[in-house]
Amino acid sequence: MPVEITWWGHATCTIEDSNVRILTDPLFARRLAHLHRRRGALPAPDARRADVAVVSHLHADHLHVPSLAGLPQDTRLLVPRGAPGAVPGLRRLSHLRVTEMAPGDVTTVDDVAVRAVPARHDGRRLPVGRHRSPALGYVVEGEGRTYFAGDTGLFDAMAKEVGPVDVALLPVGGWGPYLGEGHLDAGRAAEALVRLAPRSAVPVHYGTYWPIGLDAVRPHEFHAPGDEFARLAAERAPGVSVHRLAHGESVRLEVAR
């Protein structure tokens, strides 16, 4: 059975493996503070359907309480350890089954295991939050092994901590022209492919949300990261198939059994 990946925009994807639906960093909003959804229509309500949703870290574009509130009754929600204490709105989502995760923790849903792995990223609830929760990635292990990186920079133990994977969902941009410490741009994401050596990769976290007007001033920063990642991946990791998806588009990927 192949793994199916659907990209809804930003870091939000659905991973379907072994008849289990995993939703990553749900963000279904037209506007988030100064950011507006500049590309891709808001997904239909069915996009919120999931057996389990995962949250990588506490930043509001990854842990978006209004989007989580729209998830169906009894959806399992995996969040970084300490998140309910740092984000009071999480504690009001009584319709969800919340599990706190730290690197190495595993949650099983039917025939799929979801394993939390480290990420190199500031996990605070900004702008005034303290370091209460780790930033995480997740590896979904069913028929295939799919790595969702969340937000992360490169780190020496990445291949060891993530382990062998078939598919990598990697951030390649952001919502502004400059990415600071703890992020992947197109070049660093291509280097991650060299380290991880997956069969396939899907670039995410670019070209969805952007401050109004900035896409007119620096349009290449908004539009280009996906293409640049594909170009660099072909040079540095030619054995990896890169699938650059449009918003709402899906790809079915054959995986090792």
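Okay, so let's go over this structure.

Analysis parameters
- Residues numbered from 1 in each chain as written.
- Predicted model: local features only at pLDDT ≥ 70, side-chain atom pairs only at ≥ 80, totals over all residues.
- Heavy atoms only, no water.
- Helix = DSSP H or I, 4+ residues; strand = E, 2+ residues; numbered from the N terminus.
- Buried < 20%, exposed > 50% of the residue type's maximum accessible area, 1.4 Å probe, protein only.
- Contact = heavy atoms within 4.5 Å.
- Areas by Shrake-Rupley, 256 points an atom, 1.4 Å probe, with all protein chains shown as cover.
- Lys, Arg positive; Asp, Glu negative; His and termini not counted.
- Charge placed at Lys NZ, Arg CZ, Asp CG, Glu CD.
- Salt bridge = Lys/Arg side-chain N within 4 Å of Asp/Glu carboxyl O.
- Polar contact = N/O pair within 3.5 Å; in protein donor to acceptor, adjacent residues only side chain to side chain.
- Pairing = 2+ DSSP bridges.
- Core = buried A, V, L, I, M, F, W, Y, C linked by side-chain atoms within 4.5 Å.
- Axes fitted to C-alpha atoms, helices over the stretch in contact; angles between N-to-C directions.
- Left-handed = near helix turned anticlockwise from the far one by under 90°.

**A few points about the overall build of the protein**
- On a plain count of helices and strands, the protein comes out with 8 helices and 17 strands.
- Principal axes of the C-alpha set define a box for the protein whose edges measure 45 × 45 × 35 Å.
- Here the protein, with 257 residues, has 57% of them falling under the buried criterion.
- A fraction of 65% describes how many contacts in the protein between residues 6 or more apart in sequence connect residues 24 or more apart.
- Accessible area for the protein stands at about 10600 Å²; split by element, carbon and sulfur atoms hold 50% of it.
- Seen as two clouds, the 30 positive and the 29 negative side-chain charges of the protein have centres 6 Å apart.

**So, the side chain of D151**
- As for its placement among the helices and strands, D151 is situated in the loop between β12 (145–148) and α4 (158–162).
- Here D151 occupies a buried position and makes no salt bridge, while the nearest side chain of opposite charge, R188, is found at 9.7 Å.
- Polar side-chain contacts of D151 include one of 3.4 Å to the side chain of H205.
- Leave out the neighbours within four places in its chain, and D151 touches S56, H57, H62, A119, R120, H121, P171, G182, H183 and H205.

**Brief notes about the sheet that holds strand β5 (residues 35–37)**
- Taken together, 3 strands build an open sheet; the order of strands is β4-β5-β15 and the sheet is antiparallel. On the outer flanks of this sheet lie β4 (31–32) and β15 (209–211), each paired with one strand and no other.
- With 3 bridges joining them, β5 and β15 adopt antiparallel strand pairing. Counterpart to H36 in the pairing with β15 is W210.

**As for the nonpolar core**
- Counting 54 residues, the largest nonpolar core has I5, Y138, Y147 and L170 as the members making the most contacts within it.
- A total of 6 residues in this core trace back to one element, the largest contributor, which is helix α5 (residues 186–196).
- Counting residues in each nonpolar core, the second largest holds 20 residues, with F28, A47, V65 and V79 among its members.

**Notes on unusual backbone geometry**
- A positive phi angle, near 70 degrees, is found at D74, a position not held by glycine.
- With respect to the element layout, D74 can be found in the loop between α1 (65–69) and β7 (76–80).
- With a phi close to 55 degrees, D110 is a non-glycine residue in the positive phi region.
- Take D110: it is sitting in the loop between β9 (106–109) and β10 (112–118).
- The class for D110 is exposed, based on a relative accessible area of 60%.

**Focus on the packing of α5 against helix α8 (residues 225–236)**
- Closest axis-to-axis distance for the α5/α8 pair is 8 Å, and the angle between their directions is 40 degrees. Both α5 and α8 take part in a crossing whose hand is right-handed. Each of A186, G187, A189, A190, E191, L193 and V194 in α5 lies in contact with α8, whose residues at this interface are P225, E228, F229, L232, A233 and R236.

**A few points about the pairing of strand β3 (residues 20–24)**
- Taken across its 5 residues, β3 has 5 buried, putting it largely inside the fold.
- What you see with β3 is no split at all: V20, I22 and T24 on one side and R21 and L23 on the other are buried throughout.
- Both strand β2 (residues 12–17) and β3 contribute to a ladder of 4 bridges, which runs antiparallel. Looking across to β3, one finds that E16 is bridged to R21.
- Hairpin connection of β2 to β3: 2 residues between the antiparallel strands, including S18 at a positive phi of 55 degrees.

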